[in-house]
Amino acid sequence: MKALFLVPILFVATSALAELPGTDLLAGLIVKQFDRDHDGNVDLNEWQNGANDGFIEMDHDQDGFLSEPELDALAEPIAEEVGKFGAIASVALIKKILYTFDTDHDRRISKAEYETGCAALFKLLDTNHDGLLTRPELADLPLRLFKSGG
């Protein structure tokens, strides 16, 4: 299931974000898809490769932008991994995250916006600055992203 290469994801900044349905599922899917050396963590190289692969996978019409219908299309392949309700929660998180990357507010995410957003997201999530993202760090994605004003 390659369609999750996204990510990087998004909500409202409250402590309730840590309890949002789908955050742990999404973290697990990211580790499963991005962790190419299977050590249980995602390093910067894995993150960049996974993010790039994800953009290509999600950009169905190959126009260099991610649109809402392309993001909605993630539900079916994600449902194969985590079920229908898990997919609904995960896609909602993915859309929220990705729309924070939309700096020109045109409701489409360009390749440049995506790459910039994904790079910033890695730095934000790597709370102990060890160059690795763990599953717990990834599960904190909504909280960290929106506390930072993303």
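Residues numbered from 1 in each chain as written. Predicted model: local features only at pLDDT ≥ 70, side-chain atom pairs only at ≥ 80, totals over all residues. Heavy atoms only, no water.

Comments concerning the pattern of salt bridges
Keep this limit in mind: Put simply, a salt bridge is a Lys or Arg side-chain nitrogen that is within 4 Å of an Asp or Glu carboxyl oxygen. Comment: elements are numbered from the N terminus, with helices defined as DSSP H or I runs of at least four residues and strands as E runs of at least two. Residue burial is assigned from relative accessible area. The probe radius is 1.4 Å, only protein chains are included, and a residue is buried under 20% of its type maximum, exposed over 50%, and partly exposed in between.
This model, assessed by the stated rule, comprises six salt bridges. For glutamate 68, the salt bridge is made with arginine 107, and the minimal N-O distance between the two is 3.5 Å. Here arginine 107 lies in the loop between α4 (75-100) and β3 (109-110) and glutamate 68 lies in helix α3 (residues 68-72), a separation of 39 residues in the sequence. Accessibility expressed as a relative area gives 31% for glutamate 68, which makes it partly exposed. A residue is classified by how much of its surface remains accessible, and arginine 107, at 47% relative accessible area, is partly exposed. In this structure, lysine 111 engages glutamate 115 in a salt bridge whose closest nitrogen and oxygen atoms are separated by 3.5 Å. Residue lysine 111 and its partner glutamate 115 are both found in helix α5 (residues 111-125); the two are separated by four residues, about one turn of the helix.

Focus on the confidence of the model for the chain
The condition that has to hold: What pLDDT expresses is the predictor's confidence in each residue, scored from 0 to 100. Whether two residues touch is decided by their heavy atoms; if any such pair falls within 4.5 Å, the residues are in contact.
With 80% of its residues at a pLDDT of 70 or more, the chain has an overall mean of 81. Per-element confidence in the chain is highest for β3, whose mean pLDDT is 98, and lowest for helix α7 (residues 141-147), whose mean pLDDT is 68. In this model, residues 1-19 is a region of pLDDT below 50 whose contacts with residues beyond four sequence positions or in other chains number 83 contacts.

Concerning the packing of aromatic side chains
Two measures describe an aromatic ring pair: the distance that separates the ring centres and the angle between the ring planes. Cut-off, in case you're wondering: Classification of ring pairs rests on two measures: the distance between centres of Phe, Tyr or Trp rings, Trp counted by its six-membered ring, which must be within 6.5 Å, and the angle between planes, read as stacked under 30 degrees, edge-to-face over 60 and tilted in between.
All chains considered together, the criterion is met by four aromatic pairs. Pairing phenylalanine 34 with tryptophan 47 gives two aromatic rings, centres 5.5 Å apart and planes at 50°, and the pair type is tilted. In this pair, phenylalanine 34 sits in helix α1 (residues 23-34) while tryptophan 47 sits in helix α2 (residues 44-58), placing the two residues 13 residues apart along the sequence. Judged by its relative accessible area of 1%, tryptophan 47 is buried. Here the aromatic rings of phenylalanine 101 and tyrosine 114 are separated by 6.3 Å at their centres, their planes lie at 75°, and the arrangement is edge-to-face. Taken together, the positions of phenylalanine 101 in the loop between α4 and β3 and tyrosine 114 in helix α5 put the pair 13 residues apart, joining distant regions of the chain.

As for α2
We apply this condition: An expected span of 1.5 Å times one less than the residue number is assigned to each helix. Whenever two N or O atoms come within 3.5 Å, that pair is a polar contact, provided that in protein one can donate a hydrogen and the other can accept it, and provided that, for residues adjacent in sequence, both atoms are side-chain atoms.
If you check α2, its first and last C-alpha atoms are 21 Å apart, about what 15 residues at 1.5 Å a residue would give, namely 21 Å. The distance from a side-chain oxygen at the start of α2 to the backbone nitrogen of asparagine 45 is 3.0 Å, and the residue carrying that oxygen is aspartate 43.

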